[in-house]
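Inside the fold
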Amino acid sequence: MYSKELLKGTLRTIILNLLSGNGKMYGYEITQKVKELSDGKIQLTEGALYPTLHKLEAEGFLTTETMNIGKRVRKYYTLTETGSEKSASKIREFSDFVATMQTVLGGLKTSEGK
Amino acid sequence: MIELSEKQVNFILKDIRLKGLPKSKLTDELLDHICCGVEKEMGGGLNFKEAYQKTIVNFGPNGLIKTHQESKSATEKIALKKKTKTFGSMVAASLVFLVLAVNAKGKAEISPISKDRIKTHYSIENKFLYQILPNSPVFAIDAGRIINISRKKNGFYAVELETTNDKKLIYNLVSDLFVMNGSRVQRGEVIGKAGVNSNIHSSEEFNFTFEIKD
């Protein structure tokens, strides 16, 4: 399990990327998918997931539709057009960040080794 | 895959409402989330009550209320930001308009002689001929530098002002001078007086001329 701090900055990227690959998804489904993809190493908490989803929706990156299942109401999230663009730019930014981090950490390792 | 009965869903709904969640779309969404969690745990072998307890515990202490409040405030914050942004744009647009209006007004009003001092005036292309009241102040209609002052035989001066945008303004028949050769002047500054000793009763006599040369 990764620390909360580490995941905090990546949550939006994770959600946007998942939706761009899976079409519409609901909250619980997102938590399960992330858990499955990360081999249980990333477990999204409800307290982090829902505020982020609602924020992305309010910002216009996600659109929603609801489906009634008996007494239950399931809310599905889909990327909007700007959401797709945001998703692509977030992924680019994150890949770049990972590469930079590798260089920085690799650099640290090398200097320690000297 | 286990599916909760209506009775079980009602039990959960009643319990989360007792825990403090209001009647809202967000609560509906969280209800479905909890139901999914309970179904998953029941699929793993727990009974309904155990599965429900485990799912609620996963939210953390006061997790349900916190999740509800944070999701609600996230939406409200964005809505407020959008409103502020719209209001801000309106204020900015109004300011730009105001600046443009003031600017346009300022530009339109600058004339070498105040309108209330002019009896008559004519213009031929870029040359303006005035019949003005005695001792009328003469204004620089643009900022620049005085590049030439020449005294004519009749005792009046011709003043040449080179503006910052490379135009030459020639003021002729100026009497009192408030500038010297080489003086820098601001737009609207008084450079001298004109209209002295002239016979303003004669409709043919002009006592001040102004010319713009590009």
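Residues numbered from 1 in each chain as written. Chains lettered and ligands numbered in written order. Predicted model: local features only at pLDDT ≥ 70, side-chain atom pairs only at ≥ 80, totals over all residues. Heavy atoms only, no water.

**Topic: the overall build of chain B**
Helix and strand counts for chain B come out as four helices and nine strands. Seen in sequence order, chain B has helices and strands lined up from the N terminus as α-α-α-α-β-β-β-β-β-β-β-β-β. Taken against the 2.2 N^0.38 rule, which gives 17 Å for 214 residues, the C-alpha radius of gyration of chain B at 41 Å runs more than 25% over that of a compact globule. Principal-axis analysis of the C-alpha atoms places the extent of chain B at approximately 115 × 35 × 25 Å. For chain B, buried positions account for 36% of its 214 residues. (Helix = DSSP H or I, 4+ residues; strand = E, 2+ residues; numbered from the N terminus. Rg over C-alpha atoms; globule rule 2.2 N^0.38 Å. Buried < 20%, exposed > 50% of the residue type's maximum accessible area, 1.4 Å probe, protein only.)

**Some remarks on a nonpolar patch on the surface**
Residues and elements named next belong to chain A. On the surface, F94, F97, V98, M101, V104 and L105 cluster together into a nonpolar patch covering about 490 Å² of accessible area. Of note, M101 is situated in helix α5 (residues 81-113). Among the residues examined, M101 registers a relative accessible area of 33% and is labelled partly exposed. (Patch = residues over 30% accessible without salt bridge, like charges linked within 9 Å, V, L, I, M, F, W, Y side chains within 5 Å. Areas by Shrake-Rupley, 256 points an atom, 1.4 Å probe, with all protein chains shown as cover. Salt bridge = Lys/Arg side-chain N within 4 Å of Asp/Glu carboxyl O.)

**What about the sheet that holds strand β3 (residues 72-79) of chain A?**
Residues and elements named next belong to chain A. The strand order β1-β3-β2 describes an open sheet built from three strands, whose pairing is antiparallel. At either margin of the open sheet sits one strand with a lone partner, and together these are β1 (25-26) and β2 (62-69). As defined by bridge partners, β1 adjoins β3 across two bridges and the pair is classed as antiparallel. The residue of β3 that forms the bridge with Y26 is Y76. Here helix α4 (residues 46-58) sits on the sheet and contacts β2 and β3; the angle it forms with β3, its principal contact strand, is near 55°. (Pairing = 2+ DSSP bridges. Contact = heavy atoms within 4.5 Å. Axes fitted to C-alpha atoms, helices over the stretch in contact; angles between N-to-C directions.)

**Side note on the packing of aromatic side chains**
All names here are of chain B. Overall, the coordinates contain ten aromatic pairs over all chains when judged by the stated rule. Here the aromatic rings of F11 and Y52 are separated by 5.9 Å at their centres, their planes lie at 80°, and the arrangement is edge-to-face. Note that F11 is positioned in helix α1 (residues 6-18) and Y52 in helix α3 (residues 48-58), a separation of 41 residues in sequence. Among the residues examined, F11 registers a relative accessible area of 36% and is labelled partly exposed. We classify Y52 as buried; its relative accessible area is 3%. (Phe/Tyr/Trp six-rings, centres within 6.5 Å; stacked < 30°, edge-to-face > 60°.)

**Structural notes on the domain arrangement of chain B**
Taken as a whole, chain B is organised into domain 1 (1-109) and domain 2 (115-213). The C-alpha centroid of domain 2 of chain B is placed 71 Å from the C-alpha centroid of domain 1 of chain B. (Domains from an automatic or database assignment.)

**Some remarks on the environment of B:Q131**
When you line up the elements, B:Q131 lands in strand β2 (residues 127-132). A sequence separation of 48 residues divides B:Q131 from B:V179, and the C-alpha atoms of the two residues are 23 Å apart.

**Observations regarding unusual backbone geometry**
All names here are of chain B. One non-glycine residue, E125, lies in positive phi territory at about 50°. A residue is classified by how much of its surface remains accessible, and E125, at 75% relative accessible area, is exposed. Of note in this structure, N135 is not a glycine but carries a positive phi near 55°. Along the chain, N135 falls in the loop between β2 and β3 (136-139).

**Here we look at the pairing of β3(A)**
Burial analysis of β3(A) places seven of its eight residues in the buried class, the great majority of the element. Two successive antiparallel strands, β2(A) and β3(A), enclose a turn made up of two residues, where A:G70 displays a positive phi of approximately 60°.

**Brief notes about the interface of chain B and chain A**
Tallying the contact residues gives 26 residues for chain B and 20 residues for chain A. With both sides pooled, the region where chain B packs onto chain A buries about 2100 Å², and carbon together with sulfur makes up 58% of that total. Of all residues in chain B, the largest losses of buried area upon contact with chain A belong to B:E29, B:D32 and B:H33, amounting jointly to 30% of the total for that side. Across the contact surface, chain B and chain A share four salt bridges. A salt bridge links A:R72 to B:D32; the nearest nitrogen and oxygen atoms lie 3.1 Å apart. Here chain B is connected to chain A by nine residue pairs in polar contact (both at pLDDT 80 or more). (Buried area = accessible area lost by both parts, 1.4 Å probe. Polar contact = N/O pair within 3.5 Å; in protein donor to acceptor, adjacent residues only side chain to side chain.)

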